Every structure is written in structure tokens, then in C-alpha cells.
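Fold and geometry: a report
These are the residues of each chain, in order.
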Amino acid sequence: MIKIPTPTSSYASHKVSLDNKTYDFTFRWNSYRSVWQLDIYLNKSPVILGEALMPTNPLFYGKPIKNFEHGLLMVLRNIETKEPLGRDNLGVSKTYTLYYVSNEEMDEIING
């Protein structure tokens with residue numbers, strides 16, 4: 001599993017390399033819905049747009065996404081808490097972290 005860097009501001013973009021491809025990840029905090037949304041681009045073409053980040057709800061699981069067939073993304077809680085995912089607690093060293101899990105790692109988790 002790879003920890004994906006996430007923003008410290010309510011809107012941020014950065015490059016993420018996964019499976020020998022370099023993606024542009026754009027994170028937006030939707031204050032109306034109180035949710036982080038993620039746009040992913042590959043070579044300036046959208047892979048997904050406006051996907052809500054929800055704890056333990058894997059992105060792309062069970063739905064093939066063109067140009068992102070190699071794994072999935074998932075927000076996981078790093079500590080035991082009832083605190084919901086919010087504007088200031090998503091990040092590598094925070095309560096919640098966005099992880100990338102390759103298909104091979106998923107197979108190992110599921111099949112042992």
C-alpha cells in the first residue's frame with residue numbers, strides 16, 4: 001500500500017506516480033456536503049471527476065475505470081476514533097489517510 005499525499009488547503013493539485021503512470025490529483029473540499037472530492041487526470045484527460053472520498057469505501061472497486069485498472073484508492077482511519085472524515089484530518093500523518101492498493105495487493109488480502 002502506498003500513502004497518497006493529500007492537501008493542507010481546501011483546494012490543491014499534485015502529481016502522483018502509480019504503476020508507471022503519472023496522474024494529476026486535484027483535491028477539493030466541498031463545504032456544502034462536508035466531503036473531500038477528487039479529480040484524477042492522466043495526460044490532461046479526466047480519469048474520474050468529483051469522486052467523494054469516504055472512509056473504507058474503495059474507489060474503483062468493482063467498477064473498471066479506463067486508465068486506472070491497476071488498483072484502487074481507499075481512505076482508511078489510522079487511529080480508533082469516532083471523529084468523521086473532515087476538512088483538517090485527511091493526510092499522511094493525520095486521522096485519515098488516502099491509500100493506493102495495487103490489484104496484486106488486493107488479491108493477497110482477499111485470497112491470503
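Heads up: these notes are all about the structure in this document. (Residues numbered from 1 in each chain as written. Predicted model: local features only at pLDDT ≥ 70, side-chain atom pairs only at ≥ 80, totals over all residues. Heavy atoms only, no water.)

1. Re the environment of Ala 12
- With respect to the helices and strands, the residue Ala 12 is situated in strand β2 (residues 11-18).
- Between the C-alpha atoms of Ala 12 and Pro 64, which are 52 residues apart in sequence, the distance is 26 Å.
- Apart from the residues within four sequence positions on either side, Ala 12 is in contact with Pro 7, Phe 25, Thr 26 and Phe 27. (Helix = DSSP H or I, 4+ residues; strand = E, 2+ residues; numbered from the N terminus. Contact = heavy atoms within 4.5 Å.)

2. Quick word on the sheet that holds β2
- Pairing in this open sheet of four strands is antiparallel, and the strands run β2-β3-β4-β5 from one edge to the other. At either end of the open sheet lies a strand with only one pairing partner, and these are β2 and β5 (45-53). Pairs of neighbouring strands in the sheet enclose a mean axial angle of 20 degrees, with direction left out of account.
- Bridge count for strand β4 (residues 35-42) against β5 is six bridges, and the pairing is antiparallel. Bridged to Leu 42 within β5 is Ser 45. (Pairing = 2+ DSSP bridges. Axes fitted to C-alpha atoms, helices over the stretch in contact; angles between N-to-C directions.)

3. Examining the nonpolar core
- Grouped together as the largest cluster of nonpolar side chains are 29 residues, with contacts concentrated most on Ile 4, Phe 25, Ile 40, Leu 53, Phe 60, Phe 68 and Leu 73.
- For this core, the elements supplying multiple residues, two or more each, are β2, β3 (21-30), β4, β5, β6 (71-77) and β7 (96-102).
- Sequence-distant contacts of Leu 53, defined by excluding residues within four places in its chain, comprise Phe 27, Val 35, Trp 36, Leu 38, Leu 59, Val 75, Leu 85, Leu 90 and Leu 98. (Core = buried A, V, L, I, M, F, W, Y, C linked by side-chain atoms within 4.5 Å. Buried < 20%, exposed > 50% of the residue type's maximum accessible area, 1.4 Å probe, protein only.)

4. Topic: the packing of aromatic side chains
- Tallied over the entire structure, the rule returns five aromatic pairs.
- Both rings, one in Tyr 23 and one in Phe 68, keep their centres 5.1 Å apart while their planes meet at 50 degrees; by these two values the pair is tilted. On the criterion of sequence distance, the pair formed by Tyr 23 in strand β3 and Phe 68 in the loop between β5 and β6 is long-range, its members being 45 residues apart.
- When its relative accessible area of 2% is taken as the criterion, Phe 68 is described as buried.
- Ring plane angle 65 degrees and centroid distance 5.5 Å describe the contact between Trp 29 and Trp 36, whose orientation is recorded as edge-to-face. Judged on exposure class, the residue Trp 29 and its partner Trp 36 are both buried.
- Through pairs of rings, three or more aromatic residues link up here, namely Tyr 23, Phe 25, Phe 27, Phe 68 and Tyr 100. (Phe/Tyr/Trp six-rings, centres within 6.5 Å; stacked < 30°, edge-to-face > 60°.)

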